[in-house]
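One-letter residues, chain by chain:
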Amino acid sequence: MTTEALRTGIDLSRLRKGLPRYGVYLAILLLIAYNIVFTPYFLTLSNLRIQLIQAAPVVIVALGMALVIGTEGIDLSVGSVMALAAALIPLYLGYGVVAAILASLAAGAAIGLINGILVAKVGLQPIVATLALFVGGRGLAVVISEGKLKDVRNEDFLYLGSGDFLRVPVLVWIAALLVLVVAFVVRRTVFGRRLLAVGGNRPAAELAGLPVKRVLIGVYVLCAVLASIAGLLSVSRIQSSDASAVGLLIELSAITAVVVGGTPLTGGRVRVLGTVAGALLMQLVVATMIKHDLPPSTTEMAQAVIILVAVYVARERRTR
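What you see is a predicted model, and the numbers here were worked out from it, not measured in a lab. (Residues numbered from 1 in each chain as written. Predicted model: local features only at pLDDT ≥ 70, side-chain atom pairs only at ≥ 80, totals over all residues. Heavy atoms only, no water.)

Chemist: Tell me about the pattern of salt bridges, and please be specific about residues and values.
Modeler: Under the defined criterion, the tally for this structure stands at three salt bridges. Notably, a salt bridge pairs Arg 49 with Asp 164, separated by 2.7 Å at the nearest N-O pair. Here the residue Arg 49 occupies a position in helix α2 (residues 45-70), and Asp 164 occupies one in strand β2 (residues 164-165), the gap between them amounting to 115 residues. A relative accessible area of 35% places Asp 164 in the partly exposed class. When the shortest N-O distance is used, the salt bridge between Arg 153 and Asp 151 registers 3.7 Å. Like Asp 151, Arg 153 is exposed. (Salt bridge = Lys/Arg side-chain N within 4 Å of Asp/Glu carboxyl O. Helix = DSSP H or I, 4+ residues; strand = E, 2+ residues; numbered from the N terminus. Buried < 20%, exposed > 50% of the residue type's maximum accessible area, 1.4 Å probe, protein only.)

What follows is the structure, given as structure tokens:
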């Protein structure tokens, strides 16, 4: 009995340790199994395509959010950055697709630079610094677009959000490429190691002579640039620019994906694949609710429960 109890204890201990890291993948598998049994036409290529397309912008924004949270920060302005990128696309498409994309990315980088300076140089709390641009950024986007929905008809630009390559949406290819790039930055570059060091223990990083302020500024710039990419891709997918709607509340989805994916809010760690899995899980939850005719309020409550469980599991892991 003692040996059996000991083995059970070891198994439970391993289960508790693995839950924060692998729980999101288990949840995805369980949700897929449920949909296979109870959701008609779930296992179809068209449905898979729809789910990946809808999840791609959240994945891209969540990648940037994961980098910021890895430094023990937060960025509430990503939705406004998407809106600003969307507002600039119609203005600059007359100069060519490249010019329009560069203008959107430059605007995002500028907002990220402002966020980074406010956090690193001025010393504001990230939630306060980014909250200002959460409000002001979208307001600027609405002013630029004159509060109007503008159609986008440039075929080369629309290919980014609506085209296929090897029967896979280009939008999904772009998201996958960015996942690889961010994973490489975190795991294989000096910047990535410094990012984790700053998030793990900022005073120690400063004492070690690391360029903490430059790292923080760089992280917020990267986050905003990724949000700009998500914004212009969203415009390309829906073939119109609406600054009042693009990226609305996506910061909440991105934070949820990062937390559910196992990246701790206390910084020092970035789980890139976990973040992607978190975004896919949230998309599956929303899709499941819609397919079973549940009201949006139910979806929001389900997301809230998922966030609370993820935060609780992470807290339990830190206290042991």
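Picking up after the structure, the text goes on.
Chemist: An account of α2 is needed here, citing residue identities and associated values.
Modeler: The end-to-end C-alpha separation of α2 is 35 Å, in line with the 38 Å expected for 26 residues at 1.5 Å each. The largest bend in α2 amounts to roughly 35 degrees and is located at Ala 56, with the proline Pro 57 lying one to four residues further along. The element α2 is largely enclosed, with a buried count of 19 among its 26 residues. Just beyond α2, the residue with positive phi is Glu 72, at close to 65 degrees. (Expected span 1.5 Å × (residues − 1). Bend = angle between axes of the 7 residues up to and from the residue.)

Chemist: Could you give me a rundown of the nonpolar core, with the residues and numbers involved?
Modeler: If you look at the biggest cluster of nonpolar residues, it comprises 87 residues, and the most contacted ones within it are Leu 63, Met 65, Phe 157 and Val 272. For this core, the element with the highest residue contribution is helix α10 (residues 212-238), accounting for 15 residues. Beyond its immediate stretch of four places on either side in the chain, Phe 157 contacts Ile 89, Leu 93, Val 97, Ile 101, Val 152, Leu 232, Val 235 and Ser 236. (Core = buried A, V, L, I, M, F, W, Y, C linked by side-chain atoms within 4.5 Å. Contact = heavy atoms within 4.5 Å.)

Chemist: Before we move on, could you go through the packing of aromatic side chains and cite the residues and values that matter?
Modeler: As enumerated under the stated definition, the model contains three aromatic pairs in all. Here Tyr 34 and Phe 38 contribute two aromatic rings whose centre-to-centre distance is 4.9 Å and whose plane-to-plane angle is 35 degrees, an arrangement assigned as tilted. Residue Tyr 34 and its partner Phe 38 are both found in helix α1 (residues 2-38); the two are separated by four residues, about one turn of the helix. Judged by its relative accessible area of 36%, Tyr 34 falls in the partly exposed class. Using a relative accessible area of 52% as the deciding quantity, one classes Phe 38 as exposed. A ring pair is formed by Phe 165 and Trp 173, whose centres lie 5.9 Å apart and whose planes are at 70 degrees; its orientation type is edge-to-face. (Phe/Tyr/Trp six-rings, centres within 6.5 Å; stacked < 30°, edge-to-face > 60°.)

Chemist: Can you tell me about helix α6 (residues 155-162), naming the residues and giving the values?
Modeler: Among all positions of α6, only Phe 157, Leu 158, Leu 160 and Gly 161 are buried. Buried residues of α6, viewed axially, fall in a sector of 140 degrees; they line one side. Residues Glu 155 and Asp 156 are exposed on α6 and point more than 90 degrees away from its buried face. Close packing links the buried residues of α6 with α3 (78-92), α4 (97-122), α7 (170-188) and α10. Capping of α6 at its N-terminal end is provided by Asn 154; its side-chain oxygen lies 3.0 Å from the backbone amide nitrogen of Asp 156. (Arc of directions from axis to C-beta. Polar contact = N/O pair within 3.5 Å; in protein donor to acceptor, adjacent residues only side chain to side chain.)

Chemist: I'd love a proper account of the environment of Thr 275, names of residues and values included.
Modeler: With respect to the element layout, Thr 275 can be found in helix α12 (residues 272-291). Considering only alpha carbons, one finds Thr 275 and Leu 30, 245 residues apart in sequence, at a separation of 18 Å. The contacts of Thr 275, once residues within four sequence positions are left out, are Ala 62, Leu 63, Ala 66, Ala 257, Val 258, Gly 261 and Thr 263. A distance of 2.7 Å separates a polar atom in the side chain of Thr 275 from the backbone oxygen of Arg 271.

Chemist: Explain the environment of Gln 51 to me, using residue names and the numbers behind them.
Modeler: Within the secondary structure, Gln 51 sits in helix α2. A distance of 2.9 Å separates a polar atom in the side chain of Gln 51 from a polar atom in the side chain of Gln 283.

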